[in-house]
Amino acid sequence: MKTDTQTVVTNPSSVADATVTGQDKHPIEDDYNTHDASFRRHYQLNYADGAHDYKSFYAPAYRYGYQLSAEHNGAAWHAVEQEAQEHWASHHTSAWSDVADAVHYGWIEERDPDRLRVHHHEGFEHHRPAFEQHFVTAFPDTEETFEHFEPIYSYGYTMAVDPDYNLRTWSDVEPEVQAMWEREYHSRFMWEDYRDAVRHAWEEVRARSAQS
């Protein structure tokens, strides 16, 4: 299999020690591509309106975090964070402060992908018409398209199908969902601006599940 850097790697540990010049690179050969949707979703919500693109700037960071987690099976993030930062500074051109969240997200994705991934694609597509209708009704004055809001609805959808949340009420889970949102997306997407879309997705999925 080829990554977007057109490199096939047979020894993942050799990648972590490879000196990278010019464009940052961190290819890995395992099932990384199955996690790409999750990384792209995180990029869309956190970085898409910034100065750097996904493929050349952030993808290597997600890949590195994913690989680092696999190489340090059982270790806690805080135990390897300093090592990760030093490695990144030595082998990459981008600043650690710009990619630290992406590396950490890749680390978590390797540990527990179902919690973070834009998963159950067919299920999300089943609900898309309802999400699009809600978007038209709830945000009539926005200049954004539904594609801008799609990751927001996907966030609510993901929470609704997550086993840790789908048996609880919205009022019960909202403080946790909001805290995760604000921790993950900082001030880039203010909770109060997107809460209605997240809640609608949550309630839409829950209602249809109850009917089935």
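Per chain, residue numbering runs from 1 following the sequence as it is written. Confidence filtering applies because this is a predicted model: local features only for residues at pLDDT of at least 70, side-chain atom pairs given and counted only at 80 or more, and all residues used for totals across whole chains, interfaces and linings. The side-chain figures draw on all heavy atoms in the structure; neither hydrogens nor water molecules are used.

Topic: the nonpolar core
Inclusion rule: What we call a nonpolar core is a set of buried Ala, Val, Leu, Ile, Met, Phe, Trp, Tyr and Cys residues that are connected through their side-chain atoms within 4.5 Å. Buried residues are those whose accessible area, probed at 1.4 Å on protein chains only, stays under 20% of the maximum for their type, while exposed residues exceed 50% and partly exposed ones sit between those limits. Numbering of helices and strands starts at the N terminus; helices are DSSP runs of H or I of at least 4 residues and strands are runs of E of at least 2.
In terms of nonpolar packing, the biggest core is built from 26 residues, with Y153, W181 and V198 touching the most fellow members. Within the residue set of this core, elements represented by two or more residues are α7 (121-138), α8 (146-161), α9 (170-185) and α10 (191-211). Ranked by the residues each element gives to this core, the list is headed by α8, at 8 residues.

Structural notes on the confidence of the model for the chain
Regions with low pLDDT should not have their predicted coordinates read in detail. Filter applied, for reference: Along the chain, pLDDT gives the predictor's confidence residue by residue, from 0 to 100. Only heavy atoms matter for contacts: two residues are in contact if any of them lie within 4.5 Å across the pair.
Averaged over the chain, the pLDDT score is 76; the fraction of residues at 70 or greater is 73%. Ranking the helices and strands of the chain by mean pLDDT puts helix α4 (residues 77-91) first, with 94, and helix α1 (residues 12-16) last, with 34. Contacts of residues 1-30 to residues separated by more than four positions or lying in other chains number 65 contacts, the stretch itself having pLDDT below 50.

Comments concerning the packing of α8 against α9
The condition that has to hold: Lines fitted to C-alpha atoms define the axes here, with helix axes fitted over just the stretch in contact, and angles between the N-to-C directions of these axes take values from 0 to 180 degrees. Working definition: roughly parallel below 35 degrees, roughly antiparallel above 145 degrees, roughly perpendicular at 65 to 115 degrees, and oblique for all remaining angles. Here is the rule for handedness: rotate from the far helix to the near one, and if that takes an anticlockwise turn smaller than a right angle the crossing is left-handed, while a clockwise turn gives right-handed.
Relative to each other, α8 and α9 sit at 135°, their axes nearing to 12 Å. In terms of orientation, α8 lies oblique with respect to α9. For the element pair α8 and α9, the recorded crossing hand is right-handed. For the pair formed by α8 and α9, the contact residues are I152, Y155 and M159 on the first element and V177, M180, W181, E184 and Y185 on the second.

Here we look at the environment of W181
Here W181 shows up in helix α9. When the C-alpha positions of W181 and Y155 are compared, they lie 9.0 Å apart, and in sequence the two are 26 residues distant.

Side note on the side chain of H134
In this fold, H134 is placed in helix α7. Leave out the neighbours within four places in its chain, and H134 touches F139, Y153, D196, A197 and H200.

Re the packing of aromatic side chains
Test applied: Side-chain rings of Phe, Tyr and Trp, where Trp is taken by its six-membered ring, are said to pair if the distance between their centres is within 6.5 Å; with planes under 30 degrees apart they count as stacked, over 60 as edge-to-face, and otherwise as tilted.
Counting across every chain of the model gives 19 aromatic pairs. Consider the rings of F139 and F149, whose centres lie 4.5 Å apart with planes at 40°: the pair is tilted. Separated by 10 residues along the polypeptide, F139 in the loop between α7 and α8 and F149 in helix α8 bring together distant segments of the chain. In terms of burial, F139 and F149 fall into one category: buried.

Remarks on helix α3 (residues 54-71)
How we decide: Each helix should span, by expectation, one fewer than its residue count multiplied by 1.5 Å.
Over its 18 residues, α3 extends 24 Å from the first C-alpha to the last, a length consistent with the 26 Å expected when each residue adds 1.5 Å. Among the 18 residues in α3, 14 count as buried, and that is most of the element.

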